[in-house]
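The chain contents come next:
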Amino acid sequence: MTSSTLTAPPTRRGSDYARLSRRVAEAGLFARRPGWYALRIGLTLGAFLAGWMLVVAVGDSWAQLALAAGMAVATTQVAFLGHDAGHRQMFRRRGPSELAGLIAGNLAVGLSYGWWVDKHNRHHANPNHADEDPDVGAGALVWTDEQAAATRGLSRWMARRQAWLFFPLLLLEGLALHVASVQALVGREPDGRWRTPVRHRAVEALLLVAHAAGYLGLLFAVMSPGKALLFVAVHQGLWGLYMGCAFAPNHKGMPMPSAEDDLDFLRKQVLTSRNVRGGRFVDVALGALNYQIEHHLFPNMPRANLRRARPIVRAYCAEQGIPYVETGLVESYRQALAHLHEVGRPLRRG
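Residues numbered from 1 in each chain as written. Predicted model: local features only at pLDDT ≥ 70, side-chain atom pairs only at ≥ 80, totals over all residues. Heavy atoms only, no water.

Peer 1: Describe in detail the overall build of the protein chain, supporting the description with residues and values.
Peer 2: The helix and strand inventory of the protein chain stands at 17 helices and two strands. Relative to the 2.2 N^0.38 estimate, which gives 20 Å for 350 residues, the radius of gyration of the protein chain is 21 Å and therefore close to what a compact globule would have. By principal-axis analysis of the C-alpha atoms, the protein chain measures approximately 65 × 55 × 45 Å. By residue count, 48% of the 350 residues in the protein chain fall in the buried class. Contacts in the protein chain between residues at least 24 apart in sequence constitute 72% of all its contacts with a sequence separation of at least 6. Split by element, the accessible area of the protein chain, about 16,200 Å² in all, is 64% carbon and sulfur. When the 39 positive and 26 negative side-chain charges of the protein chain are each reduced to one mean point, those points stand 4 Å apart. (Helix = DSSP H or I, 4+ residues; strand = E, 2+ residues; numbered from the N terminus. Rg over C-alpha atoms; globule rule 2.2 N^0.38 Å. Buried < 20%, exposed > 50% of the residue type's maximum accessible area, 1.4 Å probe, protein only. Contact = heavy atoms within 4.5 Å. Areas by Shrake-Rupley, 256 points an atom, 1.4 Å probe, with all protein chains shown as cover. Lys, Arg positive; Asp, Glu negative; His and termini not counted. Charge placed at Lys NZ, Arg CZ, Asp CG, Glu CD.)

Peer 1: Summarise a negative patch on the surface; cite the residues concerned and give the values.
Peer 2: Together, Asp131, Glu132, Asp145 and Glu146 make up a region of like negative charge exposed at the surface. In this structure, Asp145 sits in helix α6 (residues 145-149). (Patch = residues over 30% accessible without salt bridge, like charges linked within 9 Å, V, L, I, M, F, W, Y side chains within 5 Å. Salt bridge = Lys/Arg side-chain N within 4 Å of Asp/Glu carboxyl O.)

Peer 1: Which residues make up the nonpolar core, and what values go with them?
Peer 2: One finds Trp52, Val55, Leu219 and Phe231 to be the most contacted residues of the largest nonpolar core, which totals 31 residues. Only α2 (34-58), α3 (64-86), α4 (94-109), α5 (113-125), α9 (173-186), α10 (201-222) and α11 (225-247) provide two or more residues apiece to this core. The element best represented in this core is α3, accounting for seven residues. When residues no more than four places from it in sequence are discounted, the contact partners of Leu219 are Trp52, Val55, Ala228, Phe231 and Val232. (Core = buried A, V, L, I, M, F, W, Y, C linked by side-chain atoms within 4.5 Å.)

Peer 1: Quick rundown of the environment of Pro225? Include the residues and the values.
Peer 2: Tracing the backbone through its elements, the reader meets Pro225 in helix α11. Considered as a pair, Pro225 and Asp60 are 165 residues apart in the sequence and their alpha carbons are 9.7 Å apart.

Peer 1: Describe in detail helix α1 (residues 16-26), supporting the description with residues and values.
Peer 2: The set of residues buried in α1 consists of Asp16, Leu20, Ser21 and Val24. The arc that holds the buried residues of α1, viewed along the axis, is 130 degrees, so those residues lie on one side. Of the surrounding secondary structure, the elements contacted by the buried residues of α1 are α12 (265-271), α14 (292-297) and α15 (306-320). Among the residues trailing α1, Gly28 stands out with phi positive, at a value near 75 degrees. (Arc of directions from axis to C-beta.)

Peer 1: Account for the side chain of Glu98, with residues named and values stated.
Peer 2: On the secondary structure map, Glu98 appears in helix α4. Residues contacting Glu98, with those up to four places away along its chain left out, are Tyr113, Arg199 and His200.

Peer 1: Give me the confidence of the model for the protein chain: which residues, what numbers.
Peer 2: Mean pLDDT over the protein chain: 93, with 96% of residues reaching 70 or higher. Segment residues 1-5 is flagged for pLDDT under 50; beyond a separation of four residues in sequence, or across chains, it makes 19 contacts in the model. pLDDT under 50 marks residues 7-12. Its contacts with residues more than four places away, or in other chains, come to eight contacts. (pLDDT = per-residue confidence, 0-100.)

Peer 1: Break down the packing of α2 against α10 for me, citing the residues and quoting the values.
Peer 2: Axis separation between α2 and α10 bottoms out at 8 Å; the angle between their running directions is 30 degrees. The orientation of α2 with respect to α10, classified from their angle, is roughly parallel. Note that α2 runs across α10; the crossing there is left-handed. Contacts between α2 and α10 involve Trp52, Val55 and Val56 on the former and, on the latter, Tyr215, Leu218, Leu219 and Val222. Here the contact of α2 with α10 is built from residues that sort into seven nonpolar, no polar and no charged. (Axes fitted to C-alpha atoms, helices over the stretch in contact; angles between N-to-C directions. Parallel < 35°, antiparallel > 145°, perpendicular 65-115°, else oblique. Left-handed = near helix turned anticlockwise from the far one by under 90°. Nonpolar A, V, L, I, M, F, W, Y, C, P; charged D, E, K, R; others polar.)

Structure below.
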């Protein structure tokens, strides 16, 4: 499925987003939440550091595998902080935002902050657009009929079965993120230009080296090589799975606009996004990305305000006749897998 044919917006669409923004601003939802973020950062980094202290205390024990699973959760929560920093939800100014992002991303998680910001900004600019959104570009998975038809060999074999392979492949997502981070920092075009724009390339490289040295050094210092390698496999595998499960419900299986679709900003963001119900637990587990519609409309809105923006946005979409999609967590995965299965159907017939 290349795209869904989307209804053309009304002629006066240019002011629709402005009116919604005014309503949200009048509710005070663009205001920063320094107290909330101070508490969130303290709790998240506290749990993260306490987890590594426990790893040291437990030592050479098979109980480390359970700790590896717990650290996958803590690592993802730290990555959510990096996401918020990248959108300047914590601080208005670039400097503090970048510092927080470099600490959370490069140093704590081992993920290039500059690479991720560049990639994520392109996703926000054109969500679910096969030619513009890097999150739905052809790779291990394919998202359109054209991408599926272009596969060959192992890629075609995987595309036929991609709905079944989706969750197993997420176990490799952590490794893929580390590799992509390194490639972004060292990769050059044939003419010598850097392939990925990164503002603090040398600093990012040093922080990634520090992360790798500290991470591997600690593990091999407190446990046998075999247990250390198993810890890495469990930790990185479950981290990738958690990250993928947090981001997959947001757009996968939603309409994919093409160049022929004439959408204003409001409709581009709402029609391609899906919210996920589930209460406070889901809010924490998904880093508030379950309010994906509100996040895409107002990406620098503090995470804690997205829940309060939801009824305003939902009511406004109803006024404008814009479909506002919201579903449960399990149903969001079902829809994403159904899309993957449908894209692979022509290949299974062949």
